[in-house]
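# Topology and contacts: notes
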Amino acid sequence: MDRWQAMQIVVKVAETESFAKAARLLQMSAPAVTRAVASLESLLGARLFVRTTRSVKTTEAGARYVEDCRRILADIADTEAAASGAHATPTGMLTVTAPILFGQMHVLPTVLEYLDTYPTMQARTFFVDRSVDIIEEGIDVAIRIGHLPDSGFTAIQVGSVRQVVCGSPEYFKRYGRPTTPADLKHHRIAASTSVWSLPEWRFADNQRVGIGAVLQCNTNEAAIAAAQAGWGLTRVLHYQIGPALAAGQLQIVLDEHEDAARPIHVLYPEGRHAAAKVKAYVDLAVTRLRQALSR
């Protein structure tokens, strides 16, 4: 096995933290991947990974080596792409992931515009309310809401979004408006039980209110529908109720107690060495999302 292929294997093992996952992504057998790493460690005279029954982590020397490999492989790919013209014209399939409602409302229009601009391209959207493993699931670009862990990926902030408590005008006429977070204990709550939800609602100045939700909804859409129907209050991200706010169907309360806004990023793994299809989409998405979120 040549050094270039061994570097690819080492980088993929480090990214997936698994020999088996790396083997699947590289379309190799797990024993072949294990042998390649062992052979490289023997050649270098240094341990690159710490292996346990549950995980694979880079050693200090391994982390440095992986970063050097990424740089070398990226330079090679960039040189080959420049020679072949691959960076000049977007080609192939673009896969984009985002949270469900944000994806439908804001990301899908950018994908449609992208396909109109580059008619030879194909695209796949993957809108789910969970954090997707970009490497494992073959994602080109991810739109993420919330603070990001240190991943080594390129992240461009395009805006931020508030988490708000809302209800219908009819509900407030019948039950009154809460003026402090503590007042929520005396109101009917329709709470989302999605991956983003918590058993307590947090507000500014470290105020926390335990939510004993009478109605638990597995989707944000259902919780919003309950609030629109005048049944109770719910808490969602501001963009999710934009149309209902504009139509006067919902009103925000406790806005002076809101916690800090959550950042929204466009995230992709290749940085400046990204393929033309990724660079073109990122440029378009960043511009359009910043415009939409500034309104």
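The protein has the name LysR family transcriptional regulator in an unreviewed UniProt entry, where Alcaligenes xylosoxydans xylosoxydans is given as its organism. Heading Sequence similarities (unreviewed entry) of the UniProt record for the protein holds this comment: "Belongs to the LysR transcriptional regulatory family."

## Considering the pattern of salt bridges
As a working rule, side chains carrying opposite charge can pair if their charged atoms are close by. According to the stated counting rule, one finds 14 salt bridges in the structure shown. Ionic pairing is found between E41 and R51, a salt bridge with its closest N-O pair at 3.1 Å. In this pair, E41 sits in helix α3 (residues 30–44) while R51 sits in strand β1 (residues 49–51), placing the two residues 10 residues apart along the sequence. When the shortest N-O distance is used, the salt bridge between E67 and R70 registers 2.4 Å.

## Here we look at the side chain of S18
Along the chain, the position of S18 falls in the loop between α1 (3–16) and α2 (19–26). At 3.0 Å, the side chain of S18 and the backbone nitrogen of K21 are in polar contact.

## Looking at the sheet that holds strand β6 (residues 154–161)
One open sheet holds the 5 strands; their spatial order is β4-β3-β5-β14-β6, and the pairing between them is mixed. Taken across any chain shown, the strands that pair with only one partner, and hence form the sheet edges, are β4 (122–127) and β6. In this sheet, neighbouring strand axes are inclined to one another by 15° on average, regardless of whether the strands run parallel or antiparallel. Note: strand β3 (residues 93–98) against β4, 6 bridges, orientation parallel. Of the residues in β4, the one forming a bridge with T97 is F126. Sheet contacts for helix α5 (residues 100–117): β3, β4, β5 (141–145) and β14 (262–268); angle to β4, the most-contacted strand, approximately 175°. The sheet strands contacting helix α9 (residues 276–293) are β3, β5, β6 and β14, and the helix crosses β6 at an angle near 20°.

## Examining the packing of aromatic side chains
Applying the stated criterion to the full structure yields 6 aromatic pairs. Centre to centre, the rings of F19 and F49 are 6.1 Å apart; their planes meet at 70°, and the pair counts as edge-to-face. Taken together, the positions of F19 in helix α2 and F49 in strand β1 put the pair 30 residues apart, joining distant regions of the chain. The same class applies to F19 as to F49, namely buried. Residues Y114 and Y281 carry aromatic rings whose centres are separated by 5.5 Å and whose planes lie at 90° to one another, so their mutual orientation is edge-to-face. In this pair, Y114 is assigned in helix α5 and Y281 in helix α9, connecting sequence segments 167 residues apart. Like Y114, the residue Y281 is buried in the burial classification. Among the aromatic residues, ring-to-ring pairing joins Y114, Y118 and Y281 into one connected group.

## Thoughts on the environment of Y281
Taking the relative accessible area as the measure of exposure, Y281 reaches 0% and is therefore buried. For the pair Y281 and P149, spaced 132 residues apart in sequence, the C-alpha separation works out to 23 Å. Not counting residues within four places of it along the chain, the set of residues in contact with Y281 comprises L94, V96, V107, T110, V111, Y114, V141 and I143.

## Structural notes on the sheet that holds strand β7 (residues 163–167)
Strand order across the open sheet formed by 3 strands is β12-β7-β13, with antiparallel pairing between neighbours. The two strands at the open ends of the sheet, each matched to only one other strand, are β12 (234–237) and β13 (251–253). This sheet shows a mean twist of 50° between the axes of neighbouring strands, independent of strand direction. Relative to β12, helix α7 (residues 220–228) is tilted by about 130°, and along the sheet it contacts β7 and β12.

Thresholds applied
Just so you know, the residues in each chain are numbered from 1, in the order the chain's sequence is written. Thresholds applied to this predicted model are a pLDDT of at least 70 for local features of residues and 80 or more for the giving and counting of side-chain atom pairs; totals over whole chains, interfaces and linings are not thresholded and use all residues. With hydrogens and water set aside, each side-chain value is computed from the structure's full complement of heavy atoms. UniProt positions are given in the numbering used here, feature names are shortened, and annotations may be inferred rather than shown by experiment. One side-chain nitrogen of Lys or Arg within 4 Å of one carboxyl oxygen of Asp or Glu is enough to make a salt bridge. Strands here mean DSSP runs of E at least two residues long; helices mean DSSP runs of H or I at least four residues long; both are numbered from the N terminus. Polar contact is the term for a pair of N or O atoms within 3.5 Å; when the atoms are in protein, one must be able to donate a hydrogen and the other to accept it, and sequence-neighboring residues count only if both atoms are side-chain atoms. Strands pair, by our definition, only if DSSP identifies at least two bridges between them. The axes used here are C-alpha line fits, helices contributing only the stretch in contact, and every angle between their N-to-C directions lies in the interval 0 to 180 degrees. What makes two residues a contact is simply this: any of their non-hydrogen atoms within 4.5 Å. Geometry of aromatic contacts follows a simple scheme: Phe, Tyr and Trp rings, the Trp one being its six-membered ring, pair when their centres are within 6.5 Å, and the pair is stacked under 30 degrees between planes, edge-to-face over 60, tilted otherwise. When a residue's accessible area, from a 1.4 Å probe over protein chains only, is under 20% of the maximum for its type it is buried; when over 50% it is exposed; and in between it is partly exposed.

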